[in-house]
Amino acid sequence: MKLADSLKEKLGERIREINIHNERRIYLTVDVKDLLECAGILFREMDGRYIVASGADNSGSFEILYHFGFDRQGSVVSLRVLLAGKDPEVPSLSAVIPGITYIEREMWELLGIRFTGHPGLRHFLLREDWPQGNYPLRKEGATEGEKSEE
Amino acid sequence: MKNKKRVIIPIGPYHPLLEEPEFFSLYCDGETVVDVEWEAGYNHRAIEKLSESKHWDQVTFLVERICGICSTSHPFAYCNAVEDILGITVPERAKYIRSIIGEMERIHSHLLWVGLAGHFLGYNTVFMWAWKYRETILDMFEMITGNRNHYAMFRIGGVRRDIEDGDIPSLRKVLGEMEGKLEMLTRAVLDDPVLAVRLKGVGVLTRRDIKDFGAVGPVARASGVDFDVRKDDPYAAYPLVKWKVITTGNGDVFDKAVVRLLETFESVSIIRQCLDAIEGKKGEIENQVREVPAGQGIGRHEAPRGECFHYVRSDGANSPVRHKIRAPSYVNIPTFKASCTGQTISDVAIILAGVDPCYCCTERVAVYDAGNKKKLYGFPELVEMSRKKTERIIKGEMK
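These numbers were taken from a predicted model, which means no experiment stands behind them. Starting afresh in each chain, residues are numbered from 1 along the sequence in its written order. Chains and ligands are labelled by the order in which they are written, letters from A for the one and numbers from 1 for the other. Only residues with pLDDT of at least 70 get local features here, since the model is predicted, and only at 80 or more are side-chain atom pairs given and counted; chain-wide, interface and lining totals rely on the full set of residues.

1. Examining the overall build of chain A
How we decide: In this description a helix means any DSSP run of H or I spanning at least four residues, a strand means any run of E spanning at least two, and both kinds are numbered starting from the N terminus. The globule rule used for comparison is 2.2 Å times the number of residues to the exponent 0.38, while the radius of gyration itself is calculated over C-alpha atoms. Buried residues are those with 20 or more other C-beta atoms within 10 Å of their own C-beta, exposed residues have 12 or fewer, and partly exposed residues lie in between; C-beta atoms are placed from the backbone.
When helices and strands are counted, chain A shows 3 helices and 7 strands. Moving toward the C terminus, one meets the helices and strands of chain A in the order α-β-β-α-β-β-β-β-α-β. A globule of 150 residues ought to have a C-alpha radius of gyration of about 15 Å, and chain A, at 16 Å, matches this closely. Counting only C-alpha atoms and orienting by the principal axes, one finds that chain A spans roughly 60 × 30 × 25 Å. For chain A, the proportion of its 150 residues judged to be buried stands at 37%.

Now the structure itself:
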């Protein structure tokens, strides 16, 4: 069975949108409420390999792509969640994927996306005394938010 | 720390030998490591952010600056990603040239690792040999690309320079000599009883660990996971030549060394076949790309350390709107939590080196007592402990 078909079968109604860029690059959009479950299915049940996650600022809203490798088929499946508002929040996947904690810390400090249930949401790339509310990868730039006291 | 018996060993962040400063804290109970913490960002250059302000073509050379050892891995993955947005392939000749550069880089990177591993174990002869042989590869790079490193060979749609027919005979000669030297080095390393004692069963990673942390490259292949982007998601000339993926099953540092050493022979063979394919022929080396349409693309390359992953998004303008880069060490380094736990301090240097993490932090290791903050050891002492352990094994004092 083709990967796209088995994805549709396993995830069913939870898929809001499917974008088959080509056989090896599939993008799926799901709701935040279904994220934990869908990631669990991709990672454990379908044995997808955790590659990395990438957050993006869409000027006003945010999105996260969780990339999974399906190496037998040579494919990458990217699970997309869209996050509304300036103060986005999403459940942490650390209970499902142990290795994901670092990239979640990175997305939190660079984009200001909060991960609920993360075991230690603290700075990873930026220094500990980095000014609060200053998220360098946001499109409005790193100049807004609280200024450093220095 | 609540338990005063625990000692924290900070490793890093700066080290003059290699790039990428990083910081590790080893939590130790006596001689045994009980936990490892990793902190990064000491040399954070915000390349993902910078990329959003550069032209598509400039980004190729920007990402080449990410790593000084495997400098072609990032342009390789980035070009694959942009070509994924465009939906184009590169001319056949460019495919072969790309693979030649990629494999030459693998040989020099693996030799660099073998040398460093020998150095950490007190086998400086291995270090001298490996780095001497590596030098001839760098000379080949200089001949083909004009540079020993940062070759600037890649561009979106193809490569920037052709490989001249006149250069090919001397390339073949170097490859022939290289094969003999690699064989000698491989036998010397693999048949050495002391190295076997130092490396076998040390820093073991199970298939489960590989899955949990998403580890890639020789680290994963040493644990029996046969994932290799070149085979599984073929690109460039890799589907056009014959070669095999090297895997072993024990997951210890010894097996990681075996995988790397055997991979260099495959690389020599790939380069030879690619040279055969382009010798005496003429052909285009690039498809002109005028603009990048809106869309998103994923590009991957099997770097010497494993899968290098680039995600690029375009809105149709001159620069990417989002460029996510994941180097293989980002998923390989977290495996220290599994591989160091339960090991002795004298084995930590080689376990950390076993992942080949662009290792740059070792010179400034210091061991502090958590209770009174008194300095116990520095990294020179740790390396000394590692070497003494080797010496004791040689003398037959321990097994």
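2. Digging into the pairing of strand β8 (residues 320-326) of chain B
Side chains on a regular strand alternate between the two faces of the sheet. Residue and element names in this part refer to chain B. How we decide: When DSSP finds at least two bridges between two strands, those strands are taken to pair.
Where burial is concerned, most of β8 is hidden: 6 out of the 7 residues are buried. One ladder, built from 6 bridges, connects strand β7 (residues 306-314) with β8; its direction is antiparallel. Bridging across to β8, Phe-309 finds its partner in Arg-326. Counting the residues in the hairpin turn of β7 and β8 gives 5 residues, including Gly-316, whose phi is positive at 95 degrees.

3. A closer look at the packing of helix α4 (residues 92-120) of chain B against helix α14 (residues 345-354) of chain B
All names here are of chain B. The criterion, for reference: To obtain each axis, a line is fitted to C-alpha atoms, and for helices this fit is confined to the stretch in contact; angles are then taken between N-to-C directions over 0 to 180 degrees. Any angle from 65 to 115 degrees is called roughly perpendicular, while one under 35 is roughly parallel, one over 145 is roughly antiparallel, and all others are oblique. The contact criterion used is a C-beta to C-beta distance within 7 Å, with each C-beta placed from the backbone.
Following both chains from N to C, one finds α4 and α14 inclined at 175 degrees, their axes separated by 9 Å at the closest point. Between α4 and α14, the interaxial angle falls into the category roughly antiparallel. Along the contact surface, α4 presents Leu-116, Ala-117 and Phe-120, while α14 presents Ala-349, Ile-350 and Ala-353.

4. Structural notes on the packing of helix α6 (residues 168-190) of chain B against helix α11 (residues 253-278) of chain B
Two measures define how a pair of helices packs: the angle their axes make with one another and the distance between the axes. Residues and elements named next belong to chain B. Rule in force here: By definition, any crossing whose near helix is turned counterclockwise from its far helix by less than a right angle is left-handed, and any crossing with a clockwise turn is right-handed. Ten residues, namely Ala, Val, Leu, Ile, Met, Phe, Trp, Tyr, Cys and Pro, are considered nonpolar, four, namely Asp, Glu, Lys and Arg, are considered charged, and the remaining ones, Gly among them, are considered polar.
α11 packs onto α6 with a crossing angle of 165 degrees between their chain directions and a minimal axis gap of 10 Å. Between α6 and α11, the angle is such that the two are roughly antiparallel. Crossing hand, α6 versus α11: left-handed. Residues Ile-168, Leu-171, Arg-172, Leu-175, Met-178, Glu-179, Leu-182, Thr-186, Val-189 and Leu-190 of α6 form the contact with α11, whose participating residues are Ala-257, Val-258, Leu-261, Thr-264, Phe-265, Val-268, Ile-271, Arg-272 and Leu-275. Grouping the constituent residues of the contact of α6 with α11 by class yields 14 nonpolar, 2 polar and 3 charged.

5. Looking at the interface of chain A and chain B
Between chain A and chain B, the residue contacts involve 20 residues of the former and 22 residues of the latter. If you tally residues by element for the side of chain A that touches chain B, the top one is strand β3 (residues 49-57) of chain A, at 6 residues. Partitioned by chemical class, the residues of the side of chain A that touches chain B number 13 nonpolar, 3 polar and 4 charged.

6. So, the domain arrangement of chain B
All names here are of chain B. Put simply, the rule reads: In this document the domain limits rely on a domain assignment from an automatic tool or a database.
Once the domains are mapped, chain B shows domain 1 (6-43 + 333-395) and domain 2 (47-327). At the level of elements, α13 (336-339), α14 and α15 (379-395) are the ones that each hand at least two residues to the side of domain 1 that touches domain 2. With 7 residues, α15 is the single largest residue contributor to the side of domain 1 that touches domain 2. Looking at the side of domain 1 that touches domain 2 residue by residue, the classes come out as 13 nonpolar, 6 polar and 5 charged.

7. Quick notes on the sheet that holds strand β6 (residues 295-303) of chain B
Residues and elements named next belong to chain B. Spatially, the 3 strands line up as an open sheet ordered β6-β7-β8, and their pairing is antiparallel. Whereas interior strands pair on both sides, the edge strands pair on one side only; in this sheet they are β6 and β8. Averaged over all adjacent pairs, the angle separating strand axes in this sheet is 15 degrees, with direction ignored. Relative to β7, β6 runs antiparallel, the two being bridged by 9 bridges. Residue Gly-299 lies in a different strand from β7, and its bridge partner there is His-310.

8. What about the environment of His118(A)?
Residues and elements named next belong to chain A. Relative to the helices and strands, His-118 is located in the segment after β7 (114-116). You can call His-118 partly exposed: it has 18 C-beta atoms within 10 Å. Non-local contacts of His-118, meaning those with residues more than four positions away in its chain, are made with Ser-92, Ser-94, Thr-101 and Glu-104.

9. Comments concerning the pairing of strand β1 (residues 15-22) of chain A
In terms of strand pairing, β1(A) meets strand β2 (residues 25-30) of chain A through 6 bridges, oriented antiparallel. Pairing of Ile15(A) across the sheet is with Val30(A), part of β2(A).

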